[in-house]
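Geometric and topological summary
Each chain, letter by letter, is given below.
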Amino acid sequence: QAKAVGKACYAVFDQTMHRHALERLQLENDLRRAIETQQLQVHYQPIISMDTGKITGFEALLRWYHPQRGMIAPNYFIAIAEETGLIQTIGQWVLREACQKAKLWQLTFPQFPSLFMSVNLSIHQLTYPNLVEKVAEILTETGCDPRYLKLEITETAIAQKAETVIPILEELTQLGIQLCIDDFGTGYSSLSRLYYFPISTLKVDRSFVSGITQSTNGTTKIASAIVNLAHSLGLEVIAEGVETEQQLATLRSWGCQLAQGYHWAKPAASPQIEALLASCPCWQ
Ligand code: C2E
Ligand code: MG
Ligand code: MG
Ligand code: MG
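Analysis parameters
- Residues numbered from 1 in each chain as written.
- Chains lettered and ligands numbered in written order.
- Predicted model: local features only at pLDDT ≥ 70, side-chain atom pairs only at ≥ 80, totals over all residues.
- Heavy atoms only, no water.
- Axes fitted to C-alpha atoms, helices over the stretch in contact; angles between N-to-C directions.
- Helix = DSSP H or I, 4+ residues; strand = E, 2+ residues; numbered from the N terminus.
- Parallel < 35°, antiparallel > 145°, perpendicular 65-115°, else oblique.
- Left-handed = near helix turned anticlockwise from the far one by under 90°.
- Contact = heavy atoms within 4.5 Å.
- Near = heavy atom within 4 Å.
- Polar contact = N/O pair within 3.5 Å; in protein donor to acceptor, adjacent residues only side chain to side chain.
- Areas by Shrake-Rupley, 256 points an atom, 1.4 Å probe, with all protein chains shown as cover.
- Nonpolar A, V, L, I, M, F, W, Y, C, P; charged D, E, K, R; others polar.
- Donors = N, O, S within 2.8 Å, 3.2 Å for Na, K, Ca; no water.
- Buried < 20%, exposed > 50% of the residue type's maximum accessible area, 1.4 Å probe, protein only.
- Salt bridge = Lys/Arg side-chain N within 4 Å of Asp/Glu carboxyl O.

1. Observations concerning the packing of helix α3 (residues 87-108) against helix α11 (residues 270-278)
Taken N-terminus to C-terminus, the directions of α3 and α11 make an angle of 25 degrees; their axes are 12 Å apart at the nearest point. Relative to α11, the element α3 lies roughly parallel. Between α3 and α11 lies a crossing whose hand is right-handed. Across the interface between the two elements, Lys101, Leu104 and Trp105 of α3 pack against Ser270, Ile273, Glu274 and Leu277 of α11.

2. Observations regarding the site of ligand 1
Within the structure, ligand 1 sits among 23 residues, and Arg63, Asn120, Asp182, Glu243 and Tyr262 are positioned closest to it. Interatomic distance of 3.1 Å between a backbone N/O atom of Leu62 and a nitrogen atom of ligand 1. Separating an oxygen atom of ligand 1 from a side-chain N or O atom of Asn120 is a distance of 2.9 Å. Coverage of ligand 1 by the protein chains reaches 85% of its 800 Å² of free accessible surface. Of all elements in the fold, only β2 (55-66), α2 (74-84) and β6 (178-184) reach the threshold of two or more residues within the shell around ligand 1. Among the elements that make up the shell around ligand 1, the one with the highest residue count is β2 (four residues). For the shell around ligand 1, the residue count by class is eight nonpolar, seven polar and eight charged.

3. Remarks on the coordination of the magnesium ion (ligand 3)
Protein-derived ligands of the magnesium ion (ligand 3) are Asp182 (OD), Asp183 (OD) and Glu240 (OE), with the metal-ligand distances lying across 1.6 to 2.3 Å. On the primary sequence, the residues serving as donors to the magnesium ion (ligand 3) are separated as D-D-x56-E. Separating the magnesium ion (ligand 3) from the magnesium ion (ligand 2) is a gap of 3.7 Å, which Asp182 spans by donating to each of them. When its relative accessible area of 5% is taken as the criterion, Asp182 is described as buried. Given a relative accessible area of 22%, Asp183 falls into the partly exposed group.

4. Overview of the environment of Gln260
Examined against the element boundaries, Gln260 turns out to sit in the loop between β9 (258-259) and α11. Polar side-chain contacts of Gln260 include one of 2.7 Å to the side chain of Gln45.

5. Regarding the pattern of salt bridges
Going through the model one piece at a time under the given rule, you end up with nine salt bridges. The closest approach of N and O atoms between Lys203 and Glu59, which form a salt bridge, is 2.8 Å. Here the residue Lys203 occupies a position in strand β7 (residues 201-204), and Glu59 occupies one in strand β2, the gap between them amounting to 144 residues. For the pair formed by Lys203 and Glu59, the shared burial category is buried. A salt bridge links Glu236 to Lys150, with the shortest nitrogen-to-oxygen separation between them at 2.7 Å. Here Glu236, found in strand β8 (residues 236-239), pairs with Lys150, found in strand β5 (residues 149-154); they are 86 residues apart in sequence, far enough to count as distant. In the salt-bridge network here, residues are joined through shared partners; they are Glu59, Glu152 and Lys203.

Listed below in structure tokens is the structure:
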């Protein structure tokens, strides 16, 4: 009898696996057509200067509006894009869109003359042969000044392939752009190694920021240590995912310069961002 039950389980498992595989294949195909059918959009989340309360830059975040499934989370479809190699085309498209907007917004909103644009780069893009040439090409094509472009690479990605990646990072900085370690604190890389990466900015992962509470709990202590470490290495710090006044006040007391989060603004499409910039918000 146990055998029969076992067999039945297998059958069910098989069917579920089959369904998942099919679904996935379908999504892959859909993703291939997503750019040309304009289902992909770049949203932008403001990054705020803690000193002035003003917008100093944006992070570009990719969105996929699937005609049947609605919004699909980037954490899910970017993995598909990476496995299929589509990340190259999609990533270059995001970079071009973001650089275009950076240039346009600097021109349209002279009260924000030095807005920067931060774009996420997957490890698959970073290790792709012609990345540096492509980035240079896109900068020229869009007229975006390289010093206003930041590229974000996750700590996990860098830590896994440090030897391969460091020379590429060096080449990228020679273009005049800035590099940023994303999701810092989640990758278990040794803190001392950070010193050898040619980066200008460190983004403290949201999981640490959301752990900042009134009491001096463990997470708060770690977050504070990360900010201190970054500062003593001469790095700029961006806190991710700030949602409360409490988190903001604590980060500010640690001397953290920049932050993004729902406390100020969620990522939004460019027309909304343009309306926001036009209103010249100052959060104090
Ligand atoms: P990330 O680079 O760490 O981006 C920050 C994520 O935190 C974004 O999620 C953003 O919407 C979210 N976030 C910002 N502030 C808050 C807050 O106050 N509370 C909460 N709960 N969340 C907040 P999103 O847009 O879903 O993106 C998820 C991840 O997908 C990104 O994490 C990034 O790793 C990846 N991603 C997004 N766009 C791209 C892209 O164009 N290329 C690549 N390679 N990866 C991308
Ligand atoms: Mg990021
Ligand atoms: Mg991040
Ligand atoms: Mg994160």
